[in-house]
Amino acid sequence: MKRRINKVAVVGSGIMGSGIACHFANIGVEVLLLDILPRELNEKEKAKGLTLEDKIVRNRIVNEHLANALKSKPSPIYHQKFASNITTGNTTDDMYKIKDVDWVIEVVVERLDIKQKVFEQIEQYRTPGTIVSSNTSGIPIRFMNEGRSDDFKKHFAVTHFFNPPRYLKLFEVVPGPDCKPEITDFLMKYGEQFLGKTAVLAKDTPAFIGNRIGTFGIQSLFHQVKELELTVEEVDKLTGPVIGRPKSATFRTVDVVGLDTLAHVADGIYENCPDDESRELFKLPDFIKQMLENKWLGSKTGQGFYKKEVDKDGKKTFLSLDLNTLTYTPSKRASFATLELTKTIDRPIDRFKILVGGKDKAGAFYRKNFASLFAYVQNRIPEISDELYRIDDAMKAGYGWENGPFEIWDAIGVEKGIELMKAEGYEPAPWVTEMLHANNHSFYTIKDGATFYYDIPSKAQAKKPGQDAFIILNNIRESKTIWKNSDSAIEDLGDGIINFEIRSKMNTLGGGVLQGMNKAIDLAEKEYEGLVIGNQAANFSVGANLGMIFMMAVEQEYDELNMAIKMFQDTMMRVRYSAIPVVVAPHGMTLGGGCEMTMHADKVVAAAETYIGLVEFGVGVIPGGGGSKEMALRAADLFRKNDVELNTLQEYFLTIGMAKVSTSAHEAYDLGILQHGKDIVVVNTDRQIAEAKKHALLLAEAGYTKPVKRKDIKVLGKQALGMFLVGTDAMMAGKYISEHDKKIANKLAYVMAGGDLSEPTNVTEQYLLDLEREAFLSLCTERKTLERIQHMLKTGKPLRN
């Protein structure tokens with residue numbers, strides 16, 4: 001019988017419980033969220049004359065927890081409307097309702113006695129065959145299972161989400177000793193396909209995979225930092241984006257997570273892993289013990305490895321902890337000669353060979369750090385996983401590493417990694433030696449667009465499972481690239497569909513990208529059925545190449561700038577009016593020109609985590625690649641459905657004028673950027689390119705015909721322009737906007753009103769594009785616009801002037 005999840009119950013509504021409930025609500029599942037009864041009335045309840053028997057009181061804990069979650073930033077929910085999928089209750093009055101759910105998830109406090117009581121309650125009401133799982137981060141399943149029925153045990157597993165559940169992709173599935181294999185398989189598939197996670201099968205060992213390796217990495221650094229005479233800032237510089245790790249790196253991450261939380265996990269591993277060869281590393285160094293005693297736990301207590309001070313004038317000073325004296329000193333910028341050597345290397349995976357060869361303190365750090373990491377992960381097989389790729393998957397999905405330990409080892413070279421280990425007193429594991437003797441010189445290989453990994457039992461490369469639903473661009477670049485330049489490439493996805501991939505720095509849109517996009521459309525029209533525009537970088541595109549625009553404007557090369565903007569507009573119009581279907585697949589930051597490209601597609605297949613918007617106001621211009629035109633067009637299309645034309649136009653004007661950016665793809669519908677009935681959202685980004693390809697094929701097979709250019713766009717002329725100008729005058733008079741802001745807004749108003757036409761008129765897209773380009777160019781002559789662009793290029797942040 002095919003198992004479907006229509007309704008889940010989440011027992012425990014704390015930060016994790018509410019977060020898990022919200023993520024199920026995100027994907028359209030009905031959620032019953034339960035928590036305990038309050039023991040006493042609070043002051044507000046007493047003042048209202050309520051009693052412990054009133055329902056509002058009985059559900060106070062769960063309702064407060066959920067309300068706090070929904071107000072938190074970043075939000076656990078894609079769109080506030082999805083919160084209606086969650087019903088709240090308490091474990092005394094409402095536990096019986098779990099008889100109607102398909103999956104019960106326990107997320108209560110990490111105490112075995114409490115969990116056992118909850119499972120006893122669940123067993124009382126649960127329908128046989130219903131899945132039950134725990135979000136424990138380490139309590140052994142055999143203890144949680146104790147006293148439960150055979151049916152309960154057969155359907156019980158640990159499903160370990162990482163916090164925050166919406167954003168971190170790791171989903172560890174740990175089957176109990178009696179769990180049916182089909183339940184394990186179902187949870188793995190559901191986590192990947194429906195929850196959008198990287199589902200990793202783990203064993204019932206302390207801290208599972210992610211936290212076992214992650215905690216080792218941090219504890220190892222705690223013990224190395226003094227030996228190598230490194231500061232807090234230096235370690236964070238060495239363990240951040242330069243090696244494909246989050247900006248928070250090591251010590252900032254600990255401050256966010258909480259030093260007490262890390263210490264609890266480390267203590268648990270130390271106590272429960274007596275045979276771990278690196279067990280002593282999980283003991284807390286003296287300086288960490290002192291920090292715990294001082295309650296320097298990080299963000300939650302206002303200070304940890306970093307501290308922020310604000311003086312009486314509101315000036316902020318950032319301090320860092322001197323680990324020798326345990327005093328705070330002003331943070332200093334860290335720099336290393338070895339890191340300078342990697343500045344021209346875009347991909348972290350290509351930097352590791354240079355980093356371990358460094359002649360300075362940084363090189364010594366990397367050699368020591370990677371040697372200990374390689375030694376540790378090799379010895380965790382088969383203890384925590386039988387397959388090495390699961391360790392890499394866990395670290396990438398749970399800790400935000402761009403490359404897992406075995407991928408890094410491959411990048412350095414397996415033999416070189418062993419050399420580093422031996423220099424630090426470690427020996428390769430027997431299976432690693434056997435791998436080399438069997439003439440396998442890497443942990444991974446790519447064949448026919450698929451990833452293969454070294455399978456230890458067979459001593460041969462085996463295909464990594466679960467790839468068939470994915471198209472991994474990195475795996476097909478060598479064999480399927482049919483054209484490329486320095487900023488972009490075109491790959492053959494098969495079945496008559498090609499993909500255009502942006503590869504410029506930050507995926508900015510400059511001349512090389514536009515050349516590639518036109519080439520892709522040319523090729524698709526001549527030889528293929530359709531085109532996907534997608535990539536698998538951290539962000540889809542942060543917009544136009546501001547440096548190019550700035551240089552042209554400073555040099556007053558206005559003819560060249562006009563031609564560049566015209567080329568951008570023309571390329572976007574080719575995306576809209578080509579002879580083949582064009583499907584755009586945005587994800588992550590999709591700003592400015594990236595947003596404009598998306599809005600001109602025949603169909604958008606957006607990742608749920610897409611942060612999209614027209615943000616050009618922040619640099620002193622209006623959208624000049626068709627974005628202003630497109631917003632005017634979309635507003636006009638709604639005029640037929642809405643009598644209040646000026647109000648409709650104003651909403652679209654404000655989306656640009658306030659530089660609104662969606663916090664999810666679902667919010668992009670509200671902004672008029674994505675369109676209901678045409679565009680779709682996918683939760684798992686790994687499936688996005690394959691899904692986009694599928695929809696390009698569907699459009700082609702349905703008999704796609706080149707659209708007819710629009711000549712029926714209703715603009716309101718002076719009627720709308722007058723309204724906008726009065727509004728910007730009032731905003732400046734009230735000191736809500738600057739004089740320059742007003743100038744930008746008035747330029748946008750002129751475009752979206754269709755100029756100062758005396759009456760409502762139907763115009764062409766080209767008419768609006770010409771107005772848009774003229775306004776964009778005139779703003780580029782403004783000194784304050786150039787100041788804003790320069791500030792953005794230097795700091796990455798908008799300047800208000």
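Every value quoted in this text rests on a predicted model; they were computed, and no experiment measured them.

Visitor: Go over the sheet that holds strand S15 (residues 481–484), please, and point to the residues and values.
Guide: What the 7 strands build is an open sheet, ordered S15-S16-S17-S19-S21-S23-S25; its pairing is mixed. What marks the edges here is a single partner per strand, and that holds for S15 and strand S25 (680–682). The sheet shows a mean angle of 20° between the axes of neighbouring strands, direction not considered. Taken together, the 6 bridges between strand S16 (residues 488–494) and strand S17 (residues 497–502) define a ladder with antiparallel strand orientation. Bridge pairing in S17 places glutamate 491 opposite asparagine 499. Relative to S17, helix H22 (residues 511–527) is tilted by about 180°, and along the sheet it contacts S15, S16, S17 and strand S19 (530–534).

Visitor: Which residues make up the packing of helix H26 (residues 627–639) against helix H27 (residues 645–657), and what values go with them?
Guide: How two helices sit against one another is set out by the angle between their axes and by the gap between those axes. Put simply, H26 and H27 touch, their axes get as near as 9 Å, and they point 155° apart. In this view, H26 runs roughly antiparallel relative to H27, as classed from their interaxial angle. As H26 packs across H27, the resulting crossing turns out to be right-handed. Contacts between H26 and H27 involve Gly627, Ser628, Met631, Arg634, Ala635, Leu638 and Phe639 from the first element and Glu645, Thr648, Leu649, Tyr652, Thr655 and Ile656 from the second. Its residues placed into classes, the contact of H26 with H27 shows 7 nonpolar, 4 polar and 2 charged.

Visitor: Break down the nonpolar core for me, with residues and values.
Guide: Ranked by size, the top nonpolar core spans 107 residues in total, and within it Ile122, Phe222, Phe305, Tyr366, Phe406 and Trp431 carry the most contacts. When residues in this core are grouped by element, the largest group, 10 residues, is from helix H16 (residues 361–378). Excluding its chain neighbours within four sequence positions, the residues that come into contact with tryptophan 431 are Gln378, Ile381, Leu388, Phe406, Phe443, Tyr454 and Ile456. One finds Val513, Val575, Leu633 and Ala635 within the second-largest nonpolar core, a separate group that totals 81 residues.

Visitor: Would you mind going over the packing of H27 against helix H30 (residues 718–733) in detail, with residue names and values included?
Guide: Running from N to C, H27 and H30 cross one another at 55°; their axes reach a closest spacing of 11 Å. Between H27 and H30, the crossing angle belongs to the class labelled oblique. Between H27 and H30 lies a crossing whose hand is right-handed. Across from Leu646, Leu649, Gln650 and Phe653 in H27, the residues of H30 making contact are Gln719, Ala720, Met723 and Phe724. The class makeup of the residues in the contact of H27 with H30 is 6 nonpolar, 2 polar and no charged.

Visitor: A description of the sheet that holds strand S11 (residues 327–330) should follow, citing residues and the corresponding values.
Guide: Reading across the sheet, the 3 strands line up as S9-S10-S11 and stay open at both edges, with antiparallel pairing between neighbours. Each of the sheet's edge strands pairs with one partner strand only, and the pair in question is strand S9 (306–310) and S11. Across the sheet, the mean angle separating the axes of adjacent strands is 40° when strand polarity is ignored. Sheet topology places S9 next to strand S10 (residues 316–322); 5 bridges connect them, and they run antiparallel.

Visitor: Which residues make up a negative patch on the surface, and what are the values?
Guide: A cluster of acidic residues, Glu555, Glu557, Asp559 and Glu560, forms a negative patch at the surface. Relative to the assigned elements, glutamate 557 resides in the loop between helix H23 (546–554) and helix H24 (558–576).

Visitor: Can you lay out H24 for me, pointing to particular residues and giving the numbers?
Guide: Spanning 19 residues, H24 covers 27 Å between terminal C-alpha atoms, matching the ideal 27 Å at 1.5 Å per step. Of all the positions in H24, only Leu561, Ala564, Ile565, Phe568, Gln569, Thr571, Met572, Met573, Val575 and Arg576 are classed as buried.

Visitor: Now, about the side chain of lysine 603: what can you tell me, with residues and values included?
Guide: Along the chain, the position of lysine 603 falls in strand S23 (residues 603–607). There is no salt bridge for the buried lysine 603, and the closest opposite charge comes from aspartate 679, which lies 6.0 Å off by N-O distance. From its side chain, lysine 603 meets the backbone oxygen of lysine 678 in a polar contact 2.5 Å long. Leave out the neighbours within four places in its chain, and lysine 603 touches Val582, Val583, Val584, Lys678, Asp679, Ile680, His695 and Leu699.

Visitor: Talk me through the pattern of salt bridges; I want residue IDs and the actual numbers.
Guide: By the definition in use, this model includes 57 salt bridges. Each of Arg212, Asp276, Glu277, Arg380 and Glu383 takes part in a single network of salt bridges with overlapping partners.

Visitor: Residues and numbers for unusual backbone geometry, please.
Guide: In this chain, lysine 73 is followed by proline 74 through a cis amide linkage whose omega measures -5°. The linkage connecting asparagine 163 with the following residue, proline 164, adopts the cis geometry, with an omega of 0°. Along the chain, the position of proline 164 falls in the loop between strand S6 (156–161) and strand S7 (170–175). Residue glutamate 229 is not a glycine yet carries a positive backbone phi of 55°. Tracing the backbone through its elements, the reader meets glutamate 229 in the loop between helix H9 (210–224) and helix H10 (232–238).

Cut-offs and rules
- Residues numbered from 1 in each chain as written.
- Predicted model: local features only at pLDDT ≥ 70, side-chain atom pairs only at ≥ 80, totals over all residues.
- Heavy atoms only, no water.
- Pairing = 2+ DSSP bridges.
- Helix = DSSP H or I, 4+ residues; strand = E, 2+ residues; numbered from the N terminus.
- Axes fitted to C-alpha atoms, helices over the stretch in contact; angles between N-to-C directions.
- Contact = heavy atoms within 4.5 Å.
- Parallel < 35°, antiparallel > 145°, perpendicular 65-115°, else oblique.
- Left-handed = near helix turned anticlockwise from the far one by under 90°.
- Nonpolar A, V, L, I, M, F, W, Y, C, P; charged D, E, K, R; others polar.
- Core = buried A, V, L, I, M, F, W, Y, C linked by side-chain atoms within 4.5 Å.
- Buried < 20%, exposed > 50% of the residue type's maximum accessible area, 1.4 Å probe, protein only.
- Patch = residues over 30% accessible without salt bridge, like charges linked within 9 Å, V, L, I, M, F, W, Y side chains within 5 Å.
- Areas by Shrake-Rupley, 256 points an atom, 1.4 Å probe, with all protein chains shown as cover.
- Salt bridge = Lys/Arg side-chain N within 4 Å of Asp/Glu carboxyl O.
- Lys, Arg positive; Asp, Glu negative; His and termini not counted.
- Charge placed at Lys NZ, Arg CZ, Asp CG, Glu CD.
- Expected span 1.5 Å × (residues − 1).
- Polar contact = N/O pair within 3.5 Å; in protein donor to acceptor, adjacent residues only side chain to side chain.

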